[in-house]
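# Residue-level structure breakdown
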Amino acid sequence: MRNFTSDEIMITCMSREIRNGDIAIQGLTTPMAIISYYLAKATHAPQTTIMQLAGNILTYAKAPPQISLLFNEFEAMRRAVHIGTQTEVYEVIFKRLESIVEFFRPAQIDMFGNTNNSWIGSDISKLRLPGGFGISDVAALYPRTFYYCPRHEKRVFVENVDHIGGLGFRTKGEFDQRRDIHIISELGVFEIEHESRRMRLSSIHPGIKIENIKENTSFEILTAEKTQQTSPPTELELQLIREKIDPLNIRRLEYLSGKTRENALLNILDKELSLTI
Amino acid sequence: MLKVEIIEEGQGQLVGFRDPDENRSWVLDNKSRTPEDKRMSAQEAVSKFIKPGDFIASGGFGHVRVSMAIIYEIIRQKKQNLIMAGKTAVHDIDLLVAAGCVDKVEVAYSFGHELRGLSNASRRAVQTGKCKVVSEISNAAYQWRFLAGMMGIPFIPSRVLLGTDTFKKSSAKIINCPFTNKPLTLIPSCNPDVAIIHVHRCDKYGNAQIDGALIEDFELSHASRRLIVTTEKVTPHRKTRLKPWRTSIPFYYVDAVVEVPYGAHPCQMPMEYFFDEDHISEWLKLSKTDDGVKEYLEKYVYSVNSFDQYLRLIGGQRKLNRLKKMEMTTGWKAEVK
């Protein structure tokens, strides 16, 4: 029996990708990414600077604050040392590509590390999604690009994405410079291998079998002869996630859909609202 | 000698673009440079400055500091065939598309309500072809579009979008850089026909001040042809002169000053009032069906004559006081599990 949940091991893996002194970009609608930044800051990377894209704010916080659905902007405003404009955010990103960490959540990712958040199907009439937002800006430029996929399913891990929003590698293409693409899913950690440009399993989460990965992926994932196991979250990491950073379990929303998600969302909103009056 | 060539051209429709010389002469002919009293009602501002076919852009970001008073007024006046900048457009674009006012969008981030879920009504309109996505774009590219528009130059060279399908559906072009010989994306400038921006305070001439994050509003306000500013409060001109460094939008960019307290409702106004989650949920619920959309618009827009009347409908002063109090909470205590 595992003493942690899928979201907790994912957040731990994401947090461990952050190096002390990195600038972590906080986008919209990605609670797991925010939790992982706060976790890194509270453990091995206290000098992480968090730059919030929603409010364009550089924030410094010693103790990890609790994350919130409603008070995200509010909190960031009060922890800010500087409030810039969006031009400034991109200026910082493009000047400091090497020290930026940003976790994106793709709707689709393929075996070459290309990702899509624009639409599903051959045209937009089937399922329109929000669009390219920041991924198209930077995926081809970051020396390290990070994706996280809470739901490791065939419809997420597809052979070819329907629209390339985030550039991975094409079978042959012009963006040949060496860059790392890491993918963290509920089943394991993956990377795009430099030689073959294909997705390879780096480590498998405890309690997961290779078959689980194969059954839930639409393409063949490269594996080593002896697969490494992901080191599980420590007691401290679990305690920080559960008690300090996300006691309302907002991270769970990333796994839910439809009516269940709506109810969970309303439930969290109610709890947050009850704390304010 | 290095020869500059166009390597690839995006196939998206170029919207909101003006030849900088043409735009400059339009500004010379059409924009007032005298400090004059620009105060007017939302009704007057919308009927005067928003025309069918206009490319419009709404300020703020997501659910923060959006000029909802003008959004509702556009719907009430049944403006049509508008093209909108999908620059992290959330509640504003969802309503305008649902009401049939906007039928073309250039998309960086649209049709979503952030963590609250995807937007039902505008996605339905896109999937059934009622609303057309004329081009795709990215966040940074939108920023550069407004920046170029503000600087009076036709494009900004950048390295975004390279290699993506998003580029192919955009209106950008890729060249080889004449200095480095590496591929370079040229992002076309944008001068929206009309921008609508909600601010904290503004004098009657249009000198506007924003508290908190400016996001894109500095570049957007300076790039737009027409600019409608809605403000929580019209303040005396001497107050502007007291702290002129806080004025991010000077009067000569502004065409209309509309005083609308709570004008961003149900969105948040930093340091003023909080998101009205009850109201946003009501919209998300009703917008699941076309009938629901009709019901919402009938109740909150068409059968309402003024923003004050709308504010009474959503719960009146009691509700607004609550939202104000929530925004001013000095630290929310969250020990509850």
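I will try to describe carefully the structure that is included in this document. (Residues numbered from 1 in each chain as written. Chains lettered and ligands numbered in written order. Predicted model: local features only at pLDDT ≥ 70, side-chain atom pairs only at ≥ 80, totals over all residues. Heavy atoms only, no water.)

### Describing the pairing of strand β2 (residues 49–52) of chain A
Residue and element names in this part refer to chain A. Where we set the bar: Only protein chains enter the accessibility calculation, which uses a 1.4 Å probe. A residue is then buried if its area is under 20% of the maximum for its type, exposed if over 50%, and partly exposed in between. Starting at the N terminus, helices and strands are each numbered in turn, a helix being any DSSP run of H or I of at least four residues and a strand any DSSP run of E of at least two. In this analysis, strands are considered paired if DSSP registers two or more bridges between them. By convention, a crossover is right-handed whenever its connection, traced from the first strand over the helix to the second and viewed with the strands pointing away, goes clockwise.
The two faces of β2 match: Thr 49 and Met 51 on one face and Ile 50 and Gln 52 on the other face are all buried. Examined bridge by bridge, strand β1 (residues 23–26) and β2 share 4 bridges and lie parallel to one another. The residue of β2 that forms the bridge with Gln 26 is Gln 52. Note that the unit made of β1, helix α2 (residues 31–42) and β2 has a crossover that is right-handed.

### Digging into the interface of chain B and chain A
The following threshold applies: By definition, residues are in contact when any of their heavy atoms lie within 4.5 Å. Two parts lose some accessible area (1.4 Å probe) when they are put together, and adding that loss for both gives the buried area. Salt bridges are identified by distance alone: a Lys or Arg side-chain nitrogen within 4 Å of an Asp or Glu carboxyl oxygen. Here a polar contact is taken to be a pair of N or O atoms separated by no more than 3.5 Å, where protein atoms must pair a possible hydrogen donor with a possible acceptor and residues adjacent in sequence count only if both atoms sit in side chains.
Counting residues at the interface gives 62 residues for chain B and 61 residues for chain A. Here chain B packs against chain A, burying approximately 5,500 Å² in sum over the two surfaces, 64% of which is carbon and sulfur. The interface formed by chain B and chain A contains 2 salt bridges. Linking Glu 136 of chain B and Arg 128 of chain A is a salt bridge whose minimum nitrogen-to-oxygen distance equals 2.7 Å. Linking chain B with chain A are 19 residue pairs in polar contact (both at pLDDT 80 or more). It is helix α6 (residues 139–151) of chain B that provides the largest number of residues to the side of chain B that touches chain A, a total of 6 residues.

### With respect to the packing of aromatic side chains
Residue and element names in this part refer to chain B. What counts here: Two rings from Phe, Tyr or Trp (for Trp, the six-membered ring) form a pair when their centres are within 6.5 Å of each other. A pair whose planes differ by under 30 degrees is stacked, one over 60 is edge-to-face, and the rest are tilted.
All told, the structure shown has 18 aromatic pairs over all chains when counted by the stated rule. Residues Trp 283 and Tyr 296 carry aromatic rings whose centres are separated by 4.9 Å and whose planes lie at 65° to one another, so their mutual orientation is edge-to-face. One end of the pair, Trp 283, is in helix α10 (residues 277–286); the other, Tyr 296, is in helix α11 (residues 290–302), and 13 residues separate them in sequence. Their ring planes at 75° and their centres at 6.2 Å tell us that Tyr 300 and Tyr 310 sit as a pair that is edge-to-face. Here Tyr 300 is found in helix α11, whereas its partner Tyr 310 is found in helix α12 (residues 307–313), with 10 residues between them in sequence. For Tyr 310, a relative accessible area of 1% puts it in the buried group. Through successive ring pairs, a cluster of aromatic residues spans Tyr 72, Trp 283, Tyr 296, Tyr 300, Phe 307 and Tyr 310.

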